[in-house]
Amino acid sequence: MLDFLKSPVLAVQEFVFLTARTIRNLPVRPHYWRDILMQMDIIGVGSLPIVLLVGFFSGIVMALQMSRALQTYGAVSQTGPIVAITLVREMGPVLTSVVAAGRNAAGIASELGSMKVTEQIDAMRALGTDPIQKLVKPRLIATCVMLPCLTAIADFVGLLGGYFIGISLLNLTSAEYWTGAYRALEYDDVAQGLLKPFIYAIVISMVGCFYGLNTRGGTQGVGLATTQAVVSSIVWIFALNAIITKIFVSF
Amino acid sequence: MPNTDSILRFEKVTVAFGGDPAIEDVSFEIRAGESRVILGAAGSGKTVILKTSVGLLRPDSGRVFLFGQDITEMKEQDQFDLRARVGMLFQESALFDSLNIEENVAYPLLNQKAVNCPEDQVHARVEEALTFVELGHTLEKFPSELSGGMRRRVGIARANVTEPAMVIYDSPTAGLDPITANNIMALIVKERDVRHATTVMVTQRFQDGAIMARYKYDRATETLVAATPGDASIAGLKFLVMKQGRLVFEGTLAEMEQSKDPYISKFVLRN
């Protein structure tokens, strides 16, 4: 009767095993530093242009929307603090992670999926290399290092977007905007804003690797794995965001 | 107990996918210096045998011994040193797309701990292996820049660069034109006779096996010449025939050609 649950439960079990094995292997040699640096370049530097654009325009939109509501109460000067808190706590981590999921979970799944269907993963194993060490670990480390950095950059660029609206349309002074934004942020906000992308980085890289390594059925299978990786990682990002936010709000 | 000179031994091995056996109750043994040609129709379990031989697939029942060691339940990491003694050519070559030809062939030298090749010797050994397959000029190229036959030859170079004790070829001529296929077979015979490695080849083409059984490499003329019945090159060569996951025949070329079994004789005649 519950046969339909077998497949998803098995997938979750395999995902947990893969993640546990990768984390357990983090300190184990060999460390493929060249692959780690290459992945940091692909994931971090490669995602930078789109993260800059998304961050900047998010800041603009947020400042415009907030200023409208704040005008009602004559509190336009609070635009800086509100943009800062919203960006650092929520929008920065989530938007950057969604962009990274679309770009990197897809990239990882399609690359590993292609390697799987062309027997390159089997060849790697036959040639004495553990695919988890060579393929999964570098992607996990690179994403965990680069995503918080990208988020910090997106936050700053978003604040610049808000500042652009503040001085050009809302008649705020630079001091008013930046002092308000700086004072509004507490250590707790920054911690939350960096912890979230770190956790989402684990999700994005592991989901990409999981679907890539489990690809079956040729090029069609690669396409399916790529789609599944993007959809799953985005759903997980939003679900985890709700849980983490609840935890931070409670304490 | 397996023999000390046993290279590969299957004992009643069954491998199943989703409950359907891909190979069932398969037993055979290959000793040092011997060769096997595994024939069978598509889906008969030939590739599964090869992958199970080096631990890429785990048996559902039965036992697999590689170089005398039981690898049936051995951890993957513990198998790496054993795998370093096996060279493998995959069906579609399985060259790494992101690496150039030199890096592809150097991969086993640099990544197999048991090979222990000093870094300053890697380039020379790669060049030597590629020159052996007449592709010494392709070091800087990427796999996508080579033809199917050339990729297969690079795969042969990668499988042999560490001079392994056993070399496994999975359908080395599949999808190639007859001239290229014959060139590939000539290289396989050359590798076998120059290095005296145990050779296992999976193929659908009987004539590939017949080349291995009838010819030897002559160093003086650097060509293949007809082998005589007493030649060491072909003395230990046997054919295994797979049918729907079961091993239905094991014997010499002559025994295979004389077989009255409809499946085997049809196989021989068709080719």
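Criteria and cut-off values
Residues numbered from 1 in each chain as written. Chains lettered and ligands numbered in written order. Predicted model: local features only at pLDDT ≥ 70, side-chain atom pairs only at ≥ 80, totals over all residues. Heavy atoms only, no water. Helix = DSSP H or I, 4+ residues; strand = E, 2+ residues; numbered from the N terminus. Rg over C-alpha atoms; globule rule 2.2 N^0.38 Å. Buried < 20%, exposed > 50% of the residue type's maximum accessible area, 1.4 Å probe, protein only. Contact = heavy atoms within 4.5 Å. Areas by Shrake-Rupley, 256 points an atom, 1.4 Å probe, with all protein chains shown as cover. Pairing = 2+ DSSP bridges. Axes fitted to C-alpha atoms, helices over the stretch in contact; angles between N-to-C directions. Parallel < 35°, antiparallel > 145°, perpendicular 65-115°, else oblique. Left-handed = near helix turned anticlockwise from the far one by under 90°. Nonpolar A, V, L, I, M, F, W, Y, C, P; charged D, E, K, R; others polar. Salt bridge = Lys/Arg side-chain N within 4 Å of Asp/Glu carboxyl O. Phe/Tyr/Trp six-rings, centres within 6.5 Å; stacked < 30°, edge-to-face > 60°.

Visitor: Can you walk me through the overall build of chain B in this structure?
Guide: Secondary structure assignment for chain B yields ten helices and twelve strands. A compact globule built from 271 residues would reach a C-alpha radius of gyration of about 18 Å, and chain B, at 18 Å, matches this within 12%. By principal-axis analysis of the C-alpha atoms, chain B measures approximately 50 × 45 × 35 Å. Of all 271 residues assigned to chain B, the portion counted as buried reaches 54%. Put simply, 62% of the contacts in chain B that link residues at least 6 apart link residues at least 24 apart. In the structure as shown, chain B presents an accessible area of about 12,100 Å², 48% of it carried by carbon and sulfur atoms.

Visitor: Mind showing me how you'd approach the sheet that holds strand E11 (residues 237–243) of chain B here?
Guide: Backbone-to-backbone hydrogen bonds join strands into a sheet, with any given pair of strands oriented parallel or antiparallel. All names here are of chain B. Strand order in the open sheet formed by six strands is E6-E7-E8-E3-E11-E12, and the pairing between neighbours is mixed. With partners counted over all chains shown, the strands left at the sheet margins are strand E6 (86–89) and strand E12 (246–251), one partner each. Within this sheet the neighbouring strands show an average axis-to-axis angle of 15°, counted without direction. Across five bridges, the pairing between strand E7 (residues 166–170) and strand E8 (residues 198–203) is parallel. Following the sheet pairing, Tyr169 is matched in E8 by Met201. Taken strand by strand, helix H5 (residues 148–160) contacts E6 and E7, and its axis lies near 170° from that of E6.

Visitor: Honestly, the packing of helix H3 (residues 79–117) of chain A against helix H8 (residues 218–250) of chain A in this entry has me stumped. Any pointers?
Guide: Between two packed helices, the angle of one axis relative to the other and the distance separating the axes together describe the packing. Residues and elements named next belong to chain A. Their axes nearest at 8 Å, the elements H3 and H8 cross at an angle of 155°. In terms of their interaxial angle, H3 and H8 are classed as roughly antiparallel. Considering only the axes of H3 and H8, their crossing is right-handed. When its residues are assigned to classes, the contact of H3 with H8 shows 14 nonpolar, ten polar and one charged.

Visitor: Even after reading the chapter, I still don't get the pattern of salt bridges, so can you show me in this structure?
Guide: For side chains bearing opposite charge, pairing can occur when the charged atoms are close. All names here are of chain B. This model, assessed by the stated rule, comprises 21 salt bridges over all chains. Of the charged contacts, one joins Glu250 and Arg36 as a salt bridge, the two residues approaching to 3.8 Å between their closest N and O atoms. Here Arg36 lies in strand E3 (residues 35–40) and Glu250 lies in strand E12, a separation of 214 residues in the sequence. Residues Arg63 and Asp70 are paired through a salt bridge, measuring 2.6 Å at the closest nitrogen-oxygen approach. You can call Arg63 partly exposed: its relative accessible area is 31%.

Visitor: Can you walk me through the packing of aromatic side chains in this structure?
Guide: All names here are of chain A. Applying the stated criterion across every chain yields a total of eleven aromatic pairs over all chains. For the ring pair Phe15 and Phe210, a centre distance of 5.7 Å and an interplane angle of 90° mean the geometry is edge-to-face. Of this pair, Phe15 sits in helix H1 (residues 3–24) while Phe210 sits in helix H7 (residues 187–213), and the two are 195 residues apart along the sequence. Where Phe156 meets Trp178, the ring centres are 6.5 Å apart and the plane angle is 25°; that geometry is what we call stacked. A residue pair is termed long-range when its members are at least 10 positions apart, and Phe156 in helix H5 (residues 131–168) and Trp178 in helix H6 (residues 174–184) qualify at 22 residues. Relative accessible area serves as the criterion here: at 48%, Phe156 is assigned to the partly exposed category. Cluster of aromatic residues (ring-pair linked, three or more members): Phe156, Tyr163, Tyr177 and Trp178.

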